[in-house]
Amino acid sequence: PLVPKYEFSTKVVLTDEMVNKINSTKALIVVGSNQLNDEYTIFPKADLNTVKRIKVPIIFMGVGYSGIPEQTVHMSDLTKNILLETHSNVNYSSWRCFRTTKYLTENLPELKDKALMTGCPVIYGEDLLNGKKFTETTNKVAVTVTERGTWFSREKNTLDFVAKQYLNTEKYLVLHQDNREETWKTIFTHLKNWQPPAKVIYWYAKWKGFKVFIPKTAEVTQEFYKTVDLHIGSRLHAHLYCLSIVKRSFLTYVDDRMLGISE
């Protein structure tokens, strides 16, 4: 019920002005879907001194681990020290799944009694909590894709399945990230992995009879999913949000984040 006084992206470097604004509040709440890994520092280029400059409690809420095995091998000393510092003046922290808390406490057994597996806050919608029945119709189906790694065959299979299974249904490809105008560097990375440019999936979906929806804000995305009967795809938060508003949803595999949520 509380509106945050300030909001900052965890993908930008923490500035002196941001630190001063944070210190003028009661607490800094850190959220993020798949950020925890061996080199995690909350903000880019942050170190222990950066974190110590924040004088209010730092509270983790539903933060998840990356789910990529090679990024969660052995937590760096910097990450350990930052997490120990942030836990020094709080009783508990909240994490997305058991795989996250397992990774966290195996590297930092000192946090065993503080790190709680709460799930992702996105899942806790009023409709779900109040026991409202899930949708049974399939008049409108949304498919999400994740253009990462060796992605094309995986996501093409989902589109093919939905196109065949729901032949006369209104079908949408929902792009949480608009990658139609990729940089040459990103395109080269795809080609190096023997994958096509991301916009190929956009063309393919239209050819298979899908309408393409590219929401510009989180609010627009949420309003769209309220009109959907069924979600199938690899975007974790599309899956969780649809479940929270009692829309049937099936999550397809990209990495171990999906396993963490299923557990």
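Before reading on, note that the structure itself is shown above.
Summary of the structure given here. Keep in mind that what you see is a predicted model, and the values were worked out from it rather than measured.

1. Section: the pairing of strand β6 (residues 170-174)
And step 1. Counting buried residues in β6 gives 4 out of 5 residues, a clear majority hidden from the surface.
And step 2. Two elements, strand β5 (residues 140-144) and β6, share 5 bridges in a ladder whose sense is parallel. Directly across from lysine 140, in β6, lies its bridge partner glutamate 170.
And step 3. Of the crossover connections in this fold, the one passing from β5 over helix α6 (residues 152-165) to the parallel β6 is right-handed.
And step 4. Where β6 lies against strand β7 (residues 211-213), 3 bridges are found, and the strand directions are parallel. When the sheet's bridge partners are listed, valine 174 is paired in β7 with phenylalanine 213.

2. Description of the side chain of threonine 72
And step 1. Secondary-structure assignment places threonine 72 in the loop between β2 (58-60) and α3 (77-86).
And step 2. A relative accessible area of 17% places threonine 72 in the buried class.

3. Details of helix α10 (residues 236-244)
And step 1. Judged by how many residues are buried, α10 sits mostly within the fold: 8 of 9 residues are covered.
And step 2. Among the residues making up α10, those that are buried are Leu236, Ala238, His239, Leu240, Tyr241, Cys242, Leu243 and Ser244.
And step 3. Tucked into the core, α10 has its buried residues touching α5 (126-129), β5, α9 (218-225), β8 (230-233), β9 (248-251) and α11 (256-262).
And step 4. At the C-terminal side of α10, valine 246 shows a positive phi close to 50°.

4. Notes on the environment of glutamate 263
And step 1. Mapped onto the secondary structure, glutamate 263 falls in the segment after α11.
And step 2. Look at glutamate 263 and you get exposed, because its relative accessible area is 54%.

Conventions we followed
Residues numbered from 1 in each chain as written. Predicted model: local features only at pLDDT ≥ 70, side-chain atom pairs only at ≥ 80, totals over all residues. Heavy atoms only, no water. Buried < 20%, exposed > 50% of the residue type's maximum accessible area, 1.4 Å probe, protein only. Helix = DSSP H or I, 4+ residues; strand = E, 2+ residues; numbered from the N terminus. Pairing = 2+ DSSP bridges. Right-handed = clockwise from strand over helix to strand, strands pointing away. Contact = heavy atoms within 4.5 Å.

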